[in-house]
Amino acid sequence: MTVSLSLFLVVSASVLTLVSVRYAEGMKRVSLFVISMACLALSIYVGRMIWGFWPGLFTLFTGYMLVSSILPWMDLARRRYVG
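Right, let's walk through the structure included here. (Residues numbered from 1 in each chain as written. Predicted model: local features only at pLDDT ≥ 70, side-chain atom pairs only at ≥ 80, totals over all residues. Heavy atoms only, no water.)

1. Re helix α1 (residues 2-22)
Then, in step 1: Counted at 1.5 Å a residue, the expected span for α1 with its 21 residues is 30 Å, and the 30 Å between its end C-alpha atoms agrees.
Then, in step 2: Of the positions making up α1, those classed as buried are Ser6, Leu9, Val10, Ser12, Ala13, Ser14, Thr17, Leu18 and Ser20. (Helix = DSSP H or I, 4+ residues; strand = E, 2+ residues; numbered from the N terminus. Expected span 1.5 Å × (residues − 1). Buried < 20%, exposed > 50% of the residue type's maximum accessible area, 1.4 Å probe, protein only.)

2. Describing the environment of Ser43
Then, in step 1: Here Ser43 lies in helix α2 (residues 27-51).
Then, in step 2: Its relative accessible area of 0% is what places Ser43 among the buried residues.
Then, in step 3: In sequence terms Ser43 and Phe8 are 35 residues apart; their C-alpha atoms lie 8.2 Å from each other.
Then, in step 4: Those residues in contact with Ser43 that sit more than four places away from it in its chain are Ser6, Leu9, Val10 and Leu60. (Contact = heavy atoms within 4.5 Å.)

So this is what it looks like as C-alpha cells:
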C-alpha cells in the first residue's frame, strides 16, 4: 500500500511539474509547483518507511526524473498525432 502510494505521489509530482512549467501562468504556476514539490517530499517520507532513507530517496528521485523526462515527449506525440 505505501509503495504504491509513494509511486503515485512521484508520478503526480512529475505531472504537476509539467503542468506548472508548460501551461500555468502567474500565481497558478507557483502554487502548482509548490504542490508538486510537496507531493515529492511526501513520497520521500512515505518511501522512507519502506526502503530506508537513501535507497528510497534515490529510487524516488530516479522515478521522478524518468517520468519528468518522458512526459514532454508524450505531450508532443499527443499534440502531433492525436489532435
